[in-house]
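# A look at the structure
Each chain, letter by letter, is given below.
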Amino acid sequence: MTHDSNTSLQAMFRDRLTRNPDGKALTFFNPDGSHTWRTFSEFYQTGCRYGSILSRGGVSAGDVCVFMLPSDETTANALFGALLIGALPLMVAPPVVRGLHSNLKDVLDHVVKTTSARMVVLEDDEKALGEAMQESHPETAVVYTSAFEQGGDADAAPLVYPGGEDLAALQLTSGTTGFPRVCVWDQNAVLQALHGMELAMKLGEGDVCVNWTPLYHDMGLINNFMLCMAKDIPLVMLETINFLKKPASWLQALSATGATVTWSPNFGYAFTAQRVRDHHLKDIDLSKVKAFWNAAERIHLDTMLAFQSKFEQFGVPLSAMKTNFGCAENVGGATFSDAAGNFVVEHVNKRRLYEDGIAVPETAGNGSTNTVAVVGVGRPYPGMSIQIQSADGEVLPDGHVGEIALNTPSRMKAYLNNEEETNYALRDQYLHTGDYGYMRGEEVFWTGRIRERINLHGKKFDPSDFESVLLHIEGLRPGCFAAFGVDDEKIGTQRLVIVSEIRDSNEQPLEALVDEVREQVATHLGIKVDEVLLLAQGTMTKTSSGKRRHRFYRELYLDGEIHALSSALT
Amino acid sequence: MDSAEIKQAVKEYILKEFLPDEAPENLSFDTALVTTGILDSLATLDLVSFLEETYGIKVAAHEVGVDHMNTIDEIAEFVVSKQG
């Protein structure tokens, strides 16, 4: 079959196979430091074998294949196999701690129903979930990773070379109904994104990338896996769980493989700087790493400086710290700080920024409480343009805060089966990101979210995610709650705060109610509530919109104006 | 190391790393840790790393769960079974 390497991911993979079959493609870095490189030819062959098994299970080109798997070697093979046969992979986050996330079945139900998925792939020890899924969705095949252990015939994989308008993959993003929305990416958008990233990051021969971020996150999937596979960049993967257990393994992988590029959300930098033990740093050399990219959540200047200063003695100059802004609706990264220089920071007047929406630079921070440091997230990649728009769609001048809108060739095609939200996000030729920011020349400065969104360790939650959990707690007044994230520079990510009214009829001790909120959220969503504030029935100020309510209470909280009956911090 | 010593070491680690302001008497060996959110996923994995390094055991991803790690009692039992 003929193919043009400019039209699809699959054609780019095939082109790489022809040009450089024996080049290093992928290795998994084990906790003991061992790792074995696979050539692209070997990885391609394995992908074909996996693709043939998926095909034999009923998956054809264009079919959605849902993977709820950890980011390990089997998953990388299965993901690649799905892509090679033209299936549309959709990665869903598995639980990190087994026995939590009891809402996973609901999320999978929603995803399978929304996408009409042909297959769901689970780990072998998720058979109970698999059986429940099979019962609910008899038309969807449920298979387990052991199905890939043997069998399959690489030569029998029905390889495809889609056109630019054909779909490439799907990606979940936090929704407004307690369930994720599904972003649809076509081949053109993915290829444009990869091309833009290659140019902006100045990638080339000799680059090696290390990734610990999960493949269900667009940072792991696009900025690492697809970028490296399509652009002939050797990729070193760490299983996310191994990084979280021992963050020094990230640095060890960078050092041992001579890596030049890596990515992490802000929390990863804070976590690593705080958790790495000195005895893990023996013989570490990070001097080859030219770019530590930081993206996916608010970038804290203190985190960047703390990481760089801690590891400066191992070869990390300030110029290696890079910033980026992106969102699932725009495939891959959108803006990039200078690949050859330092990232930009402005110290602006805090009152003018938050009250007037105007960023007025002041001389250095000097520890002043009147200024706030805003980290620049870089400039758009070549081929993309950006506007800052007012709520009326008016283009705002430099330094004025508004919605970041992207005129981008890598924008999503749509939210799947969600015309209303698609039309809202993709109106007037621009992708409206829902993020607030301002520009100074071409540099973009990110300042917050229009819709309240909680970002915990790079994973995004909508306040509505908590509604169904809180509804089941006797003693809380249904629907009368606010959930929001509060930036915590020490941990480099947000803390989760929940405020709720209690019923007049509640007879439980307040402490027990607080404990139950924590327990239910931990059990259903697998996350920790950092603070619970309970208020008397009828005391939460009404707003016409839930979106405004969460923001309103966040501001009250930050001003110390919430007077709770009971509050509990951990 | 016997179960009692493991329980005490795990308790001390949790208090030091995750509950620095908590009075030791408020953390019992049967206090639920994961399902109450005292340990979130990051803290649970940090504790797993501590167990692996301290007791020379390997904990597989599927073993990191409520079944083995919700209380100090369960954690100690799990470590002993791994050592055995």
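Described below are features of the structure shown in this document. (Residues numbered from 1 in each chain as written. Chains lettered and ligands numbered in written order. Predicted model: local features only at pLDDT ≥ 70, side-chain atom pairs only at ≥ 80, totals over all residues. Heavy atoms only, no water.)

## Side note on the overall build of chain B
Quick note on the threshold: Helix and strand assignments come from DSSP, with helices taken as H or I runs of at least 4 residues and strands as E runs of at least 2, each series counted from the N terminus. C-alpha atoms define the radius of gyration in this analysis, and the globule rule sets the expected value at 2.2 Å times the number of residues to the power 0.38. Burial classes: relative accessible area under 20% of the type maximum marks a residue as buried, over 50% as exposed, and values in between as partly exposed (1.4 Å probe, protein chains only). All accessibility values rest on the Shrake-Rupley procedure with a 1.4 Å probe; residue burial counts only the protein chains present in the view. Here Asp and Glu are counted as negative and Lys and Arg as positive; His is not counted, and neither are the chain ends. We put the charge of a Lys on NZ, of an Arg on CZ, of an Asp on CG and of a Glu on CD.
A count of helices and strands for chain B gives 4 helices and 0 strands. Going from the N terminus to the C terminus, chain B shows its helices and strands as α-α-α-α. Against the compact-globule benchmark of 12 Å for 84 residues, chain B has a radius of gyration of 12 Å, which places it among compact chains. Projected onto its principal axes, the C-alpha coordinates of chain B cover approximately 35 × 25 × 20 Å. Burial statistics for chain B: of 84 residues in total, 52% are counted as buried. As displayed, chain B offers around 3800 Å² of accessible surface, 48% of which is attributable to carbon and sulfur atoms. For chain B, the distance from the average site of its 5 positive side-chain charges to the average site of its 17 negative ones is 5 Å.

## As for the overall build of chain A
Worth spelling out the cut-off: Residue contacts are counted whenever heavy atoms from the two residues lie within 4.5 Å of one another.
Check the secondary structure of chain A and you find 16 helices and 27 strands. What you see for chain A is a C-alpha radius of gyration of 24 Å, in line with the 25 Å of a compact globule of 570 residues. Along the first, second and third principal axes, the C-alpha atoms of chain A reach 65 × 60 × 55 Å. Counting all 570 residues of chain A, 60% fall into the buried class. Expressed as a percentage of contacts within chain A between residues at least 6 apart in sequence, the contacts between residues at least 24 apart total 72%. About 22000 Å² of surface is accessible on chain A, with carbon and sulfur atoms providing 47% of the total. Each charge class in chain A was averaged separately, 50 positive and 72 negative side chains, and the resulting centres sit 2 Å apart.

## Considering the environment of Val 208 of chain A
Residues and elements named next belong to chain A. Mapped onto the elements, Val 208 comes out in the loop between helix 6 (187–200) and strand 9 (209–211). The spatial distance from the C-alpha of Val 208 to the C-alpha of Ile 233 is 5.9 Å, given a sequence separation of 25 residues. Not counting chain neighbours up to four residues away, the residues in contact with Val 208 comprise Trp 37, Ile 233, Pro 234, Val 236, Thr 257, Gly 258, Ala 259, Thr 260 and Val 261.

## A few points about the interface of chain A and chain B
What counts, and what does not: Here's the idea: put two parts together, see how much 1.4 Å probe accessible area each one loses, and the total over both is what we call buried area. Salt bridges, as used here, are contacts in which a Lys or Arg side-chain nitrogen is within 4 Å of a carboxyl oxygen on Asp or Glu. Whenever a nitrogen or oxygen atom comes within 3.5 Å of another N or O atom, the pair is scored as a polar contact, on the condition that within protein one atom can donate a hydrogen and the other can accept it, and that pairs from neighbouring residues in sequence are kept only if both atoms are in side chains.
The partner chain B presents 24 residues to the 21 residues of chain A that form the contact. Summing the contributions of chain A and of chain B, the shared interface buries around 2000 Å²; its carbon and sulfur component is 60%. There are 3 salt bridges connecting chain A and chain B. The partner of Glu 17 of chain B in a salt bridge is Arg 275 of chain A, with the nearest N and O atoms 3.0 Å apart. Linking chain A with chain B are 8 residue pairs in polar contact (both at pLDDT 80 or more). Mapped onto the side of chain A that touches chain B, the elements with two or more residues apiece are helix 8 (240–245), helix 10 (266–275) and helix 15 (510–525) of chain A. The biggest single contributor to the side of chain A that touches chain B is helix 15 of chain A, with 4 residues.

## Regarding the packing of helix 1 (residues 9–19) of chain A against helix 3 (residues 73–84) of chain A
Angle between the axes and distance between the axes: these two values describe a pair of packed helices. Residue and element names in this part refer to chain A. Heads up, the condition is: The axes used here are C-alpha line fits, helices contributing only the stretch in contact, and every angle between their N-to-C directions lies in the interval 0 to 180 degrees. Angle categories: roughly parallel below 35 degrees, roughly antiparallel above 145, roughly perpendicular from 65 to 115, and oblique for all the rest.
Across the interface, helix 1 lies against helix 3 with an axial gap of 9 Å and an inter-helix angle of 110 degrees. As judged from the angle between their axes, helix 1 and helix 3 are roughly perpendicular. Within the contact between the two elements, helix 1 uses Leu 9, Gln 10 and Phe 13 and helix 3 uses Phe 80, Leu 83 and Leu 84.

## A few points about the nonpolar core
Residues and elements named next belong to chain A. Inclusion rule: Among the buried residues, those of types Ala, Val, Leu, Ile, Met, Phe, Trp, Tyr and Cys that are joined through side-chain atoms within 4.5 Å form a nonpolar core.
Counting residues in each nonpolar core, the largest one holds 159 residues, and the members touching the most others are Phe 13, Phe 225, Met 226 and Phe 292. Broken down by element, this core gets its largest block of residues, 9 residues, from helix 7 (residues 218–230). Ignoring anything within four residues of it in the chain, the contact list for Met 226 reads Leu 9, Leu 83, Ala 169, Val 190, Leu 194 and Leu 221.

## As for the side chain of Gln 308 of chain A
Residues and elements named next belong to chain A. Relative to the helices and strands, Gln 308 is located in helix 11 (residues 301–311). A relative accessible area of 9% places Gln 308 in the buried class. With sequence-adjacent residues up to four places away left out, Gln 308 is seen in contact with Val 316, Pro 317, Leu 318 and Met 321.

## Some remarks on helix 2 (residues 40–56) of chain A
Formally: How far a helix is expected to stretch is found by multiplying one less than its residue total by 1.5 Å.
A rise of 1.5 Å per residue sets the reference length of helix 2 of chain A, with its 17 residues, at 24 Å; its end C-alpha atoms lie 24 Å apart and thus fit the reference within 8%. Looking one or two residues past helix 2 of chain A, Gly 58 of chain A carries a phi angle of roughly 110 degrees, positive in sign.

## Some details on the sheet that holds strand 4 (residues 88–91) of chain A
All names here are of chain A. For clarity, the cut-off: A pair of strands is considered paired only if DSSP assigns at least 2 bridges between the two.
Judged by pairing direction, the sheet is parallel, and its 4 strands sit side by side in the order 4-3-5-6 without closing on themselves. Of all strands in the sheet, those bounded by a partner on one side alone are strand 4 and strand 6 (141–144). Taking each pair of neighbouring strands and ignoring which way they run, the sheet shows an average axis angle of 20 degrees. Summarising the sheet, strand 5 (residues 119–122) and strand 6 pair through 4 bridges and their orientation is parallel. Bridge pairing in strand 6 links Leu 122 to Tyr 144. Packing against the sheet, helix 4 (residues 104–115) makes contact with strand 3 (64–68), strand 4 and strand 5, and its axis sits at approximately 165 degrees to strand 3.

## Notes on the sheet that holds strand 7 (residues 167–173) of chain A
All names here are of chain A. Read from one edge to the other, the open sheet built from 3 strands follows the order 7-8-19, with strand pairing classed as antiparallel. Strands at the two margins of the open sheet, each flanked by one partner only, are strand 7 and strand 19 (414–415). Pairing geometry for strand 8 (residues 181–186) and strand 19, over 2 bridges, is antiparallel. Along strand 19, the bridge assignment pairs Val 184 with Ala 414. Lying on the sheet, helix 6 is in contact with strand 7 and strand 8; it crosses strand 8 at an angle near 80 degrees.

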